[in-house]
Amino acid sequence: MIQSILDNDLYKFTMQQAVLDLYPEARVAYELTNRGGTPFPPKMAREVQKKINTMASLSLTLDEKAWLEDTCPYFTPAFLRFLSEYRYDPEEVSLYQEKSRLFATIKGPWYRTILWEVPLMAMISQTYFEMTAPKIMSRDDICQRNRRKAKKLASHQVSFVDFGTRRRFSFANHEDLIKEITRLPGHTLLGTSNVHLAQKFNIAPIGTLAHEWIMFHSGLGNYKTANESALEAWVKVYQGNLSIALTDTYTTDAFLTCFEKPRATLFDGVRHDSGDPIEFARKIITHYQGLGIDPKTKTIVFSDSLDPDRAIDIHRFCREKFKDIYGIGTNLTNDVGTTPLNIVIKLCQCSAGPGMPLRPTVKLSDDKGKHTGDKTELLQCMKTLGI
């Protein structure tokens, strides 16, 4: 199911390097949330555990290391040496099942455990569909559907990125998707978040940072300073590279209070991941204009539950206002005639180092349905931010 140590999203590696640089002693815990409430089949945990155990054999090959050196200049030689020696430790993952409910936690040093989230979700998703064996479309029909989507996006000049690793139907289906789209003349696929498939099909690996980066910084300080300290730490490591800021960890309104002119100028743009996309775009345009920054020089990456039609609708509004890119995930890699899982794995606890207590972490977002974390802590977060 997991073909390579690089069969993961780029932002896990970019954050891993930043963690090694700044927080090598940090410890964290992650937790699975089944948002859709899907019942899992008997013995699902046992089957996923088998796949988890195989992860220990993965390692970075010499060819992969050389490709990363050529393609990702923001990775330092020290980090690539570390990644060459990295091995997954299945003991860091705890998985069990109670009737139809599946429970998963990941615990350990942040610089190690950070790589588990995406492949673990992909393994849970693929195992679920293998065990339930739903009736799906034929492979040819799926490929034709993928081509139609890509042609539709191209006909409307919508630039997009594959963000679909986490909840894909299978690795084979994900691979076929990239293969079919990259064969199309005039396609508007800019790249993929999946580093292994980026290498295999000679397209760009794309990604920056995720919510956990900002959630961790709330544990170092408080919810009011989390966005600011997270952005400052990111700039310290990447010096203006990989500069798309994620806005909605504690709501976009809270984020914009610290996205002042120096940061708004330095960062190439922002990513939308919850709430109404048009309202968000208007808010960002107004914010840039208020700072004396031309929005046309900036980028918004939209990544919230997109399909081609929704991306095209948003693009109609965005055209000529700013640069717009669309990260389309599950709709690309798990649109085969069945219902995808609605699962996430999020950071739930963190500490700056050994001997320090683990503090709870939460995520608010601009959509209440995407709030995650302990309910009491969520209320405290909202109270602190005046929400």
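Our subject is the structure listed above.
Residues numbered from 1 in each chain as written. Predicted model: local features only at pLDDT ≥ 70, side-chain atom pairs only at ≥ 80, totals over all residues. Heavy atoms only, no water.

Undergrad: Go over a negative patch on the surface, please, and point to the residues and values.
TA: On the surface, D276, E279, D366 and D367 cluster together to form a negatively charged patch. Within the secondary structure layout, D367 lies in the loop between β12 (359-360) and α17 (375-385). (Patch = residues over 30% accessible without salt bridge, like charges linked within 9 Å, V, L, I, M, F, W, Y side chains within 5 Å. Areas by Shrake-Rupley, 256 points an atom, 1.4 Å probe, with all protein chains shown as cover. Salt bridge = Lys/Arg side-chain N within 4 Å of Asp/Glu carboxyl O. Lys, Arg positive; Asp, Glu negative; His and termini not counted. Charge placed at Lys NZ, Arg CZ, Asp CG, Glu CD. Helix = DSSP H or I, 4+ residues; strand = E, 2+ residues; numbered from the N terminus.)

Undergrad: Before we move on, could you go through the sheet that holds strand β2 (residues 93-98) and cite the residues and values that matter?
TA: Taken in spatial order, the five strands make up an open sheet running β2-β3-β1-β11-β12, and their pairing is antiparallel. The sheet is open, and its two edges are formed by β2 and β12, each paired on a single side. Of the strand pairs in this sheet, strand β1 (residues 27-34) and strand β11 (residues 343-351) are connected by eight bridges, and their pairing is antiparallel. When the bridges of β11 are listed, T33 appears paired with V344. With respect to the sheet, helix α6 (residues 117-132) is in contact with β1, β2, β3 (101-109) and β11, its orientation differing from that of β11 by roughly 145 degrees. In the packing of helix α10 (residues 211-220) onto the sheet, the strands contacted are β1, β11 and β12, and the crossing angle to β11 comes to about 25 degrees. (Pairing = 2+ DSSP bridges. Contact = heavy atoms within 4.5 Å. Axes fitted to C-alpha atoms, helices over the stretch in contact; angles between N-to-C directions.)

Undergrad: Describe in detail the layout of surface pockets, supporting the description with residues and values.
TA: A volume near 270 Å³ is recorded for the second largest pocket. Taken together, 14 residues form the lining of the second largest pocket, with L32, N34, R101, L102 and F103 sitting closest to its centre. Of all the secondary-structure elements, those providing two or more residues to the lining of the second largest pocket are β1 and β3. Across the lining of the second largest pocket, the residue classes tally to six nonpolar, six polar and two charged. (1 Å grid on protein atoms, 1.4 Å probe; cavity = no way out; pocket = protein on both sides within 12 Å on 5 of 7 lines; lining within 4 Å. Points joined across faces, edges and corners; volume = space filled by probe spheres on them. Nonpolar A, V, L, I, M, F, W, Y, C, P; charged D, E, K, R; others polar.)

Undergrad: An account of the sheet that holds strand β4 (residues 160-162) is requested, with residue identities and associated values reported.
TA: Across the sheet, which stays open at both edges, the seven strands sit in the order β6-β5-β4-β10-β9-β8-β7 with parallel pairing between neighbours. The two strands at the open ends of the sheet, each matched to only one other strand, are β6 (204-205) and β7 (244-246). Pairing of β4 with strand β5 (residues 189-192), which is carried by three bridges, proceeds in the parallel orientation. Within β5, the position partnered with F160 by the bridge is L189. Here helix α15 (residues 308-318) sits on the sheet in contact with β9 (299-302) and β10 (323-328), set at roughly 170 degrees to β10.

Undergrad: Explain unusual backbone geometry residue by residue, including any values.
TA: Of note in this structure, A133 is not a glycine but carries a positive phi near 45 degrees. Of note, A133 is situated in the loop between α6 and α7 (139-155). Judged by relative accessible area, which is 59%, A133 ranks as exposed. In this structure, E320 takes a positive phi of about 70 degrees despite not being glycine. Structurally, E320 is set in the loop between α15 and β10. (Buried < 20%, exposed > 50% of the residue type's maximum accessible area, 1.4 Å probe, protein only.)

Undergrad: I'd like a rundown of the packing of aromatic side chains, residues and numbers included.
TA: Summed over the entire model, instances satisfying the criterion amount to 25 aromatic pairs. Judged by centre distance (4.9 Å) and plane angle (35 degrees), the ring pair of F255 and F259 falls under tilted. Each member of the pair F255 and F259 is classed as buried. For the pair F302 and F322, a centre-to-centre distance of 6.5 Å together with 35 degrees between the ring planes defines the contact as tilted. Here the residue F302 occupies a position in strand β9, and F322 occupies one in the loop between α15 and β10, the gap between them amounting to 20 residues. In this pair, the class of F302 matches that of F322, namely buried. Its guanidinium or amino end placed over the ring of F317, K321 lies 4.5 Å from that ring's centre, counting from NZ or CZ. (Phe/Tyr/Trp six-rings, centres within 6.5 Å; stacked < 30°, edge-to-face > 60°. Lys NZ or Arg CZ within 6 Å of the ring centre and 35° of its normal.)

Undergrad: Which residues make up the environment of Y30, and what values do they have?
TA: Secondary-structure assignment places Y30 in strand β1. Residues Y30 and R167, 137 residues apart in the sequence, show an inter-C-alpha distance of 17 Å. Leaving out residues up to four positions away in the same chain, Y30 has contacts with A104, T105, I106, W110, T113, I114, E212, I345, K346, L347 and C348. Of note is the side chain of Y30, whose polar atom sits 3.1 Å from the side chain of W110. Separated by 2.6 Å, the side chains of Y30 and E212 make a polar contact. (Polar contact = N/O pair within 3.5 Å; in protein donor to acceptor, adjacent residues only side chain to side chain.)

Undergrad: Tell me about the nonpolar core, residues and numbers included.
TA: Within the largest apolar cluster, 124 residues are counted, with the highest numbers of intra-cluster contacts made by L68, W110, I124, W213, F259, F302 and Y326. Per-element accounting of this core gives the leading share, eight residues, to α6. With near-sequence residues (within four places) excluded, F302 lies in contact with H272, P277, F280, A281, I314, C318, F322, D324, I325, Y326 and G327. (Core = buried A, V, L, I, M, F, W, Y, C linked by side-chain atoms within 4.5 Å.)

Undergrad: Just give me the short version of helix α11 (residues 226-238), but keep the residues and values in it.
TA: In this model, α11 (13 residues) spans 18 Å end to end at C-alpha, consistent with the 18 Å of a helix rising 1.5 Å per residue. Among all positions of α11, only A226, N227, A230, L231, A233, W234, V237 and Y238 are buried. On an axial view of α11, the arc spanned by its buried residues comes to 165 degrees, and they lie on one face. Looking at the buried residues of α11, the elements they touch are α1 (10-22), α10, β7, α12 (252-256) and α13 (261-266). (Expected span 1.5 Å × (residues − 1). Arc of directions from axis to C-beta.)

Undergrad: Outline the pattern of salt bridges, supporting the account with residue identities and numerical values.
TA: Within this structure, the stated rule accounts for 23 salt bridges. When the shortest N-O distance is used, the salt bridge between E180 and R147 registers 2.4 Å. Here E180 is found in helix α8 (residues 171-183), whereas its partner R147 is found in helix α7, with 33 residues between them in sequence. E180 is the salt-bridge partner of R183, the closest N and O atoms lying 3.6 Å from each other. Residue R183 and its partner E180 are located together in helix α8, separated by three residues, close to a single helical turn. Salt bridges here are not isolated pairs; linked through shared partners, they connect K12, E117, R166 and E212.

The values reported here are purely geometric and, on their own, carry no functional implication.
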